[in-house]
Amino acid sequence: MGMVQNEKIISFIRSLYNTDAFIPLHEPTFSDLEKEYVNEAIDSTFVSSVGGFVNRFEKEFADFVGAKYAVAVVNGTAALHTALLVSGVLPDDEVITQPLTFVATCNAISYCGATPVFVDVDEDTMGLSPIFLRTFLAQETIQKNGECVDKKTSKVIRACVPMHTFGNPTRIEAIAEVCQEFNISLVEDAAESLGSFRKNQHTGTFGALGVFSFNGNKIMTTGGGGMLVTDNQEIAQKAKHLTTTAKVPHKWNFDHNQIGYNYRMPNLNAALGCAQLVKLPEFLRSKRALASQYEEFFETVENCHFVTESSGSKSNYWLNTLKFNDAGERDSFLKSANDSGVMSRPCWTLMHELPMYAHYQRDDELLVSRNLSEKIVNIPSSPILERTTDTL
Ligand SMILES: *Cc1c(COP(=O)(O)O)cnc(C)c1O
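Read on for an overview of the structure. (Residues numbered from 1 in each chain as written. Predicted model: local features only at pLDDT ≥ 70, side-chain atom pairs only at ≥ 80, totals over all residues. Heavy atoms only, no water.)

## Observations concerning the sheet that holds strand β7 (residues 185-189)
Phase 1: Judged by pairing direction, the sheet is mixed, and its seven strands sit side by side in the order β1-β11-β10-β7-β6-β2-β3 without closing on themselves. The outermost strands of the open sheet, each flanked by one partner alone, are β1 (69-73) and β3 (115-118). Put simply, the sheet's adjacent strands are angled 25° from each other on average, direction ignored.
Phase 2: Here strand β2 (residues 94-97) pairs with strand β6 (residues 157-161) via four bridges, running parallel. (Pairing = 2+ DSSP bridges. Helix = DSSP H or I, 4+ residues; strand = E, 2+ residues; numbered from the N terminus. Axes fitted to C-alpha atoms, helices over the stretch in contact; angles between N-to-C directions.)

## Structural notes on the nonpolar core
In globular proteins that are soluble, nonpolar side chains generally tend to be buried together.
Phase 1: Residues F57, F61, L194, F212, F214 and M227 are the most contacted members of the largest nonpolar core, which totals 44 residues.
Phase 2: Of all elements in the fold, only α2 (32-44), α3 (52-65), β1, β11 (226-230), α9 (267-298) and α11 (367-375) reach the threshold of two or more residues within this core.
Phase 3: Among the elements that take part in this core, α9 stands out by supplying eight residues, more than any other.
Phase 4: Mapping this core onto the domain boundaries places at least three of its residues in each of domain 1 (2-29 + 279-387) and domain 2 (32-276). (Core = buried A, V, L, I, M, F, W, Y, C linked by side-chain atoms within 4.5 Å. Buried < 20%, exposed > 50% of the residue type's maximum accessible area, 1.4 Å probe, protein only. Domains from an automatic or database assignment.)

## A word on the sheet that holds strand β12 (residues 304-306)
Phase 1: One open sheet holds the three strands; their spatial order is β12-β14-β15, and the pairing between them is antiparallel. Strands with a single pairing partner mark the edges of an open sheet, and in this sheet they are β12 and β15 (376-379). Ignoring which end each strand starts from, the neighbouring axes of this sheet average 30° apart.
Phase 2: As paired strands, strand β14 (residues 320-324) and β15 are joined by four bridges and run antiparallel to one another. The partner of K323 across the bridge, within β15, is I376.
Phase 3: Packing against the sheet, α9 makes contact with β12, β14 and β15, and its axis sits at approximately 150° to β12. (Contact = heavy atoms within 4.5 Å.)

## Considering the packing of helix α6 (residues 130-140) against helix α7 (residues 172-181)
Phase 1: Two elements in contact, α6 and α7, have axes separated by 9 Å at closest approach and are oriented at 15°. Taken together, the axes of α6 and α7 lie roughly parallel to each other. Of the two elements, α6 crosses α7, and the hand of that crossing is left-handed. Where α6 approaches α7, its residues P130, L133, R134 and L137 are matched on the opposing element by A174, I175, V178, C179 and E181.
Phase 2: The residue inventory of the contact of α6 with α7, partitioned by class, reads seven nonpolar, no polar and two charged. (Parallel < 35°, antiparallel > 145°, perpendicular 65-115°, else oblique. Left-handed = near helix turned anticlockwise from the far one by under 90°. Nonpolar A, V, L, I, M, F, W, Y, C, P; charged D, E, K, R; others polar.)

## Considering the pattern of salt bridges
Phase 1: Scanning the model with the defined rule gives 16 salt bridges in all.
Phase 2: Connected through salt bridges with shared partners, the residues D93, E147 and R158 form a single ionic network. (Salt bridge = Lys/Arg side-chain N within 4 Å of Asp/Glu carboxyl O.)

## Quick look at a negative patch on the surface
Phase 1: Together, D32, E36, E40 and D43 make up a negatively charged patch on the protein surface.
Phase 2: Relative to the elements of secondary structure, E36 occurs in helix α2. (Patch = residues over 30% accessible without salt bridge, like charges linked within 9 Å, V, L, I, M, F, W, Y side chains within 5 Å. Areas by Shrake-Rupley, 256 points an atom, 1.4 Å probe, with all protein chains shown as cover. Lys, Arg positive; Asp, Glu negative; His and termini not counted. Charge placed at Lys NZ, Arg CZ, Asp CG, Glu CD.)

## Here's the deal with the side chain of T321
Phase 1: Inspection of the secondary structure assignment puts T321 in strand β14.
Phase 2: Residue class for T321 comes out buried when judged on its relative accessible area of 3%.
Phase 3: Within the structure, T321 has its side chain in polar contact with the side chain of N378 (distance 3.1 Å).
Phase 4: When residues no more than four places from it in sequence are discounted, the contact partners of T321 are M126, F166, H305, F306, V307, I376, V377 and N378. (Polar contact = N/O pair within 3.5 Å; in protein donor to acceptor, adjacent residues only side chain to side chain.)

## Quick look at the site of the ligand
Phase 1: The environment of the ligand is made up of 16 residues, and the closest members are G76, T77, E192, S213 and K218.
Phase 2: Measuring from an oxygen atom of the ligand, one finds a backbone N or O atom of G76 at 2.7 Å.
Phase 3: In this structure, an oxygen atom belonging to the ligand sits 2.7 Å away from a side-chain N or O atom of S213.
Phase 4: Considered on its own, the ligand offers 380 Å² of accessible surface; in the complex 92% of this is hidden by protein.
Phase 5: Among the secondary structure elements, those contributing two or more residues to the shell around the ligand are α4 (76-86) and α5 (103-111).
Phase 6: Top contributing element to the shell around the ligand by residue count: α4, with three residues. (Near = heavy atom within 4 Å.)

## Looking at the environment of V54
Phase 1: Its location among the elements puts V54 in helix α3.
Phase 2: On the basis of relative accessibility, which here comes to 1%, the residue V54 falls in the buried class.
Phase 3: For the pair V54 and F166, spaced 112 residues apart in the sequence, the C-alpha separation amounts to 27 Å.
Phase 4: In contact with V54, other than residues within four places in its own chain, are A72, R264, M265, P266, N267 and A270.

In short, the description is geometric, and any link to function would need to be established separately.
Right under this line is the structure:
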């Protein structure tokens, strides 16, 4: 039965993309506007760390997500690193995250000299579970001088970094409440969820800071790039300072008052970003249309189901996800699809199974993450855009 179902799925995906050629998981889409803005940046000679497009991109991005401030940086990982630093994460602290995430989340925690603590995800959202989080904190921590201390390790749990997996919003409003109750800073890894909302509020705006990525495979790209958003002016200024080599503003003096980072997004990348931001609503529309075609089709397929947004959430459907009944059926589909040029991939190796993150504090067996990681697959998700005169 599995093989027949596989063929049915593969030919449906081919019919959507209307091609016999290789179908990638997610490819970027550009129009003349991107070329126009990038040319403008080149003609201005401001291609590097200063220039009008960076400020404009920050302003327009902040408006799009409904945050007061945005700071553009070289990539999402740098944005996460900076967000954790300005949240006060210190060497030897602990930071809670989910095992089902991209390695950048844990790497950024490590760059601060801190260590990750893994708490399980919810089955439906695939993101950090507020219930598991509360249970873990209630059982495993005590409050000392307004800090949350891990009883097993005696380390301070300074921050929590939930991730909106594949664009599907996690129950972030409940996570925000738990973090507040236990005196933990909330940094949202919204790298995958630009255009996703929870209770009509954009993801990345629930905590002190939210972080986005504009890598080439994300819903919009700047080549490489990232963004921090916050409503707190002081936090925004700290992030900007830290990511621009901690240079003290002066017309000609080169003075730096702490160890800073060269994380500022170049103007050339911001030019691309300004154009992609114009296209974003169209990408979002077309991705939701694609997801609803998938949803309808997969009602007719027996050995898997299509993962949809949970109630109270609006997903950007960055990467469409299938959940198979068992690992065998999933692996059989992965092989058939990739052998026939329809790119599909499993989720990441879970973080607590990677050698460098295997020996840290974790919550029990992480059963939900382990179960999901054996059964889920991402299938082709590039927006299918109408050909308009603009793109011809
Ligand atoms: C893409 C991504 C990042 C950041 O990636 P960069 O490639 O550094 O821009 C961080 N976290 C998650 C979950 C991601 O998917």
